[in-house]
Amino acid sequence: MYRAIKIAGLLGLLATSAHSADMAVQSEPAVVANPGGFYLGTLSSLTFLDDTGFATAGASVSTDYDLGFYSALRAGYSFGTYGFVSPRLELEVGYGTADVNEHTIGGVNAGNASFGEARAIQGYVNGYLDIETSTAFTPYFGGGVGAMNLELHRQGVTGIAMDDDDTKFAYHLDAGVGIKLDTISFFRDSSLFANTTFDIGYRYTAADDFDFTGTDGVTSSTDFSSHAVTMGFRRQF
């Protein structure tokens, strides 16, 4: 009889432990399919500009830039999950800048005497595909088309040789991963991160044939291209 009571008690203890374990597992929120909806967000990047160029006083000038920065606001709509992808469309408006590192004039480096910056106001219509993985991590890829106003602002060496701007068609290609913050235990208990995704990725941006007129009246053209590490938040409603 005593042995039977001990066995019954042991079985009861095991059943209680199993039930507790089931409750612990169930307390972790499941990552559900994206239901879709509007979202607002931000985007920032560390930008590596390729060289631009212009002509002045019969010489060609090539400009190398320091690390640049870009910040943007975005608003979009996610169409929800279709199979394993979630398409979305968004509008983006941003501003970027990078200081001149060095001008090279006719093949001669101007060094620390170089000054000026490049400024860019950009606006795009973007399209993306989010790849659903049923985890906190959602890879994405896509891009956008729009317009860029590029300004070569007060660039020169001994004096200002270029201070002009032009607007052209621009595009960008993106790839990265979104992290759903409300599925991660550190952020889950805060309503601030509800339905919020942190994006980190890579962006290539390009625009061609900007026309500029130098302070001496000489007209020339240049292309724009850049590579960037992007980071941003978007919250879906």
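Residues numbered from 1 in each chain as written. Predicted model: local features only at pLDDT ≥ 70, side-chain atom pairs only at ≥ 80, totals over all residues. Heavy atoms only, no water.

Before we go on, may I ask you to explain the packing of aromatic side chains in this structure?
Any aromatic ring pair is given by two values, namely how distant the centres are and how the planes are angled relative to each other. All told, the structure shown has five aromatic pairs when counted by the stated rule. With a centroid separation of 5.1 Å and 50° between ring planes, the pair formed by Phe198 and Phe233 is classed as tilted. Within this pair, whereas Phe198 is found in strand β10 (residues 196-213), its partner Phe233 is found in strand β11 (residues 219-236), the two being separated by 35 residues in sequence. On the accessibility criterion, Phe233 (40% relative accessible area) is partly exposed. Grouped by ring-pair contacts, the aromatic residues Phe38, Tyr77 and Phe79 constitute a single cluster. The ring of Tyr140 carries the charged tip of Arg88 above its face, separated from the ring centre by 5.8 Å. Above the plane of the ring of Tyr39 lies Arg234, whose end atom (NZ or CZ) is 5.9 Å from the centre. (Phe/Tyr/Trp six-rings, centres within 6.5 Å; stacked < 30°, edge-to-face > 60°. Helix = DSSP H or I, 4+ residues; strand = E, 2+ residues; numbered from the N terminus. Buried < 20%, exposed > 50% of the residue type's maximum accessible area, 1.4 Å probe, protein only. Lys NZ or Arg CZ within 6 Å of the ring centre and 35° of its normal.)

How should the pairing of strand β1 (residues 37-49) be read in this particular structure?
Here 11 bridges tie β1 to strand β4 (residues 68-78), and the two strands are oriented antiparallel to one another. By the bridge assignment, Leu43 is partnered in β4 with Ala72. Where β1 meets β11, nine bridges bridge the pair, whose relative direction is antiparallel. Note that in β11 the partner of Leu40 across the bridge is Arg235. (Pairing = 2+ DSSP bridges.)

Hey, could you run me through the confidence of the model for the protein chain in this one?
Detailed reading of the predicted coordinates is not advisable wherever pLDDT falls low. Taken over all residues, the pLDDT of the protein chain has a mean of 88, while the share at 70 or more is 86%. Throughout residues 1-15 the model reports pLDDT below 50, and contacts reaching past four residues in sequence, or to other chains, amount to zero contacts. In the predicted structure, residues 17-28 sits below a pLDDT of 50 and forms one contact with residues beyond four places in sequence or in another chain. (pLDDT = per-residue confidence, 0-100. Contact = heavy atoms within 4.5 Å.)

How do you make sense of empty space enclosed by the protein when you look at a structure like this?
With a probe scaled to a water molecule rolled over the atoms, the places where space remains empty come into view. Counted according to the given criterion, the structure contains two cavities of 30 Å³ or more. As for the largest cavity, its lining consists of 18 residues, of which Thr47, Tyr70, Gln122, Phe224 and Ser226 are closest to the centre. Contributing elements (two or more residues each) for the lining of the largest cavity: β1, β4, β5 (85-105), β7 (115-131), β10 and β11. The volume enclosed by the second largest cavity comes to roughly 70 Å³. Of the residues contributing to the lining of the second largest cavity, the split by class is three nonpolar, one polar and five charged. (1 Å grid on protein atoms, 1.4 Å probe; cavity = no way out; pocket = protein on both sides within 12 Å on 5 of 7 lines; lining within 4 Å. Points joined across faces, edges and corners; volume = space filled by probe spheres on them. Nonpolar A, V, L, I, M, F, W, Y, C, P; charged D, E, K, R; others polar.)

Can you help me understand the pattern of salt bridges in this one?
In a structure, side chains of opposite charge can pair up when their charged atoms sit close to one another. Throughout the structure, instances matching the rule amount to 13 salt bridges. Of the charged contacts, one joins Asp130 and Arg88 as a salt bridge, the two residues approaching to 2.9 Å between their closest N and O atoms. Remark: Arg88 occurs in strand β5 and Asp130 occurs in strand β7; sequence separation between them is 42 residues. You'll find Asp130 and Arg88 in the same group, each marked buried. The network of salt bridges with common partners includes Arg74, Arg88, Glu90, Asp130, Asp199 and Arg234. (Salt bridge = Lys/Arg side-chain N within 4 Å of Asp/Glu carboxyl O.)

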